[in-house]
Amino acid sequence: MSDRIKTIVAKESVQTLEKLAFIFATPEDEDIEPEVGETVDVSIRFSGPFSGSMLILYPEGDLDELAANMLGLDDEDTIAGEQKLDALRETINIVCGNVLPVIGGKEAVFDIAAPQIIEAPSDRPDVAGGVKVQLELDEGMCFIYISFDGEIPEVPAQ
Amino acid sequence: MALNVLIVDDSGVMRAMILKTMKMTGLPLGEVYQAANGQEGLDALGENWIDLVVVDITMPVMNGEEMIDKMRANPEFADTPIVVISTEGSETRIERLRQKGARFIHKPFTPETIRDTIQEITGIGDGNE
């Protein structure tokens, strides 16, 4: 079941980055551990038929491109730090909002909380036992985790 | 006729994206107002002439659905065209918004979806304005 959810998270994340910011990401199967200090981290809580958290560790070197492309800025334009974080918050919001109906079904109603930027790795939600997806971007690896408060839910047939 | 538009979303980046996309589509925009939550949106509606409201659902202070309910309960804004742009994926909730007279666009969106939806709901640009 986790393989099915991994496929869903990877597909929805790739599509979101492409449609939202013209960023082309490639799923990476070889398990890689994130390097502390090389990512900007954001998490989001969801509740409904099942509850849990999503966590994205986004490579800091790719964050300018994410924000600039979402805003339609040119290379020479300055991007404020808050705009970069806002872009990342909106990205996890959209990824999570697109993943949940695929896992839970289109009639399922979920409440998604406001995304939170994580200041220190120790503040990350516990994603042990969840599903991990890795996407290769231009400057580094993006790590996406989804974890559930209980058992990993059954995915309805498509 | 130029459309005066109110964009309500708690993300400044998303408000900028929506505005950029609307400009790309060639829709005739007049004044564009922005608000970060439903209450700010209602305040802007009370202070300005607005032809179209574009609103997110999940926002602090007052969410988009509550803002829509308050607009529909006020005769002054009861018929104002509303487009919801949200990550909402539940057909149950989307249908509830449709029954309140709102059109729905899912994030991430394309310029064509924005253009077509606004043309349909306002009649702007389809030869009927």
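Description of the structure in this document. Within any chain, residue numbers begin from 1 and follow the written order of that chain's sequence. Key to labels: chains lettered from A, ligands numbered from 1, both in the order written. In view of the model being predicted, local features appear only for residues whose pLDDT reaches at least 70, and side-chain atom pairs are presented and counted only at 80 or more, with totals across whole chains, interfaces and linings using the full set of residues. The basis for every side-chain value is the complete set of non-hydrogen atoms in the structure, without hydrogens or water.

### Description of the overall build of chain B
Next, step 1: Helices and strands together make up the secondary structure of chain B, namely five helices and five strands.
Next, step 2: C-alpha extents for chain B along the principal axes are approximately 35 × 30 × 30 Å.
Next, step 3: Burial here depends on accessible area, computed with a 1.4 Å probe over protein chains only, as a share of the maximum for the residue type. Under 20% is buried, over 50% is exposed, and the range in between is partly exposed. Out of the 129 residues belonging to chain B, those deemed buried represent 52%.
Next, step 4: Only heavy atoms enter the contact rule, under which two residues are in contact if any of them lie within 4.5 Å. Across chain B, the fraction of contacts at a sequence separation of at least 24, relative to all contacts at a separation of at least 6, is 62%.
Next, step 5: Surface exposure here means Shrake-Rupley accessible area, sampled with a 1.4 Å probe, where a residue is shielded only by the protein chains that are shown. Roughly 5,600 Å² of accessible area belongs to chain B as shown, and the carbon and sulfur atoms make up 45% of that amount.
Next, step 6: His residues and chain termini do not enter the charge count, which takes Lys and Arg as positive and Asp and Glu as negative. Just so you know, the charge point we use is NZ for Lys, CZ for Arg, CG for Asp and CD for Glu. Positive and negative side-chain charges of chain B, numbering 12 and 21 respectively, have mean locations separated by a distance of 4 Å. Here a helix means four or more residues in a row that DSSP labels H or I, a strand means two or more in a row labelled E, and each is numbered from the N terminus.

### Observations regarding the interface of chain B and chain A
Next, step 1: On the chain A side, the residues contacting the 17 residues of chain B number 23 residues.
Next, step 2: Values labelled buried area give the accessible surface lost by two parts on being combined, using a 1.4 Å probe and summing over both. Both faces combined, the contact of chain B with chain A buries some 1,700 Å², and carbon together with sulfur accounts for 57% of it.
Next, step 3: Interface area lost by chain B to chain A is led by B:V13, B:T87 and B:P108, which between them contribute 32%.
Next, step 4: Whenever a carboxyl oxygen of Asp or Glu lies within 4 Å of a side-chain nitrogen of Lys or Arg, that contact is scored as a salt bridge. Taken together, the links from chain B to chain A amount to two salt bridges.
Next, step 5: Notably, a salt bridge pairs B:R93 with A:D111, separated by 2.5 Å at the nearest N-O pair.
Next, step 6: The term polar contact refers here to a pair of N or O atoms within 3.5 Å; inside protein, the definition further demands a hydrogen-donor-capable atom paired with an acceptor-capable atom, and it admits residues adjacent in sequence only when both atoms are side-chain atoms. Taken together, chain B and chain A are joined by 13 residue pairs in polar contact (both at pLDDT 80 or more).
Next, step 7: Contributing elements (two or more residues each) for the side of chain B that touches chain A: α1 (12–24) and α4 (91–99) of chain B.

### Description of the environment of A:A157
Next, step 1: Mapped onto the elements, A:A157 comes out in the segment after β7 (141–148).
Next, step 2: For the pair formed by A:A157 and A:V102, sequence separation is 55 residues and the distance between their alpha carbons is 9.6 Å.

### Structural notes on the nonpolar core
Next, step 1: Membership of the largest hydrophobic core comes to 67 residues, with the highest contact counts inside it found for A:M54, A:Y58, A:L66, A:I103, A:I146 and B:L52.
Next, step 2: At nine residues, helix α3 (residues 81–104) of chain A tops the list of elements feeding residues into this core.
Next, step 3: Beyond its immediate chain neighbours, meaning those up to four positions away, A:I146 contacts A:I5, A:V9, A:F46, A:S53, A:M54, A:V99, A:I103, A:G130 and A:V131.
Next, step 4: Put simply, a nonpolar core is a bunch of buried Ala, Val, Leu, Ile, Met, Phe, Trp, Tyr and Cys residues held in one set by side-chain atoms that sit within 4.5 Å of each other. Membership of the second largest hydrophobic core comes to 22 residues, among which are B:L6, B:V53, B:M62 and B:M67.

### Regarding the packing of aromatic side chains
Residue and element names in this part refer to chain A.
Next, step 1: Two aromatic rings, drawn from Phe, Tyr or Trp (for Trp, its six-membered ring), form a pair once their centres lie within 6.5 Å of each other, and the interplanar angle then sorts them: stacked below 30 degrees, edge-to-face above 60, tilted otherwise. Under the definition given, this model contains four aromatic pairs over all chains.
Next, step 2: Between F46 and F50 the ring centres are 6.3 Å apart and the planes differ by 90 degrees, which places this aromatic pair in the edge-to-face class.
Next, step 3: Relative to F148, the ring of F50 has its centre 5.6 Å away and its plane inclined at 75 degrees; by these criteria the two rings are edge-to-face. You can see F50 sitting in the loop between β2 (39–47) and β3 (52–59) and its partner F148 sitting in strand β7, a full 98 residues away along the chain.
Next, step 4: Using a relative accessible area of 11% as the deciding quantity, one classes F148 as buried.
Next, step 5: By way of ring pairs, the aromatic residues F46, F50, F110 and F148 are connected into one cluster.

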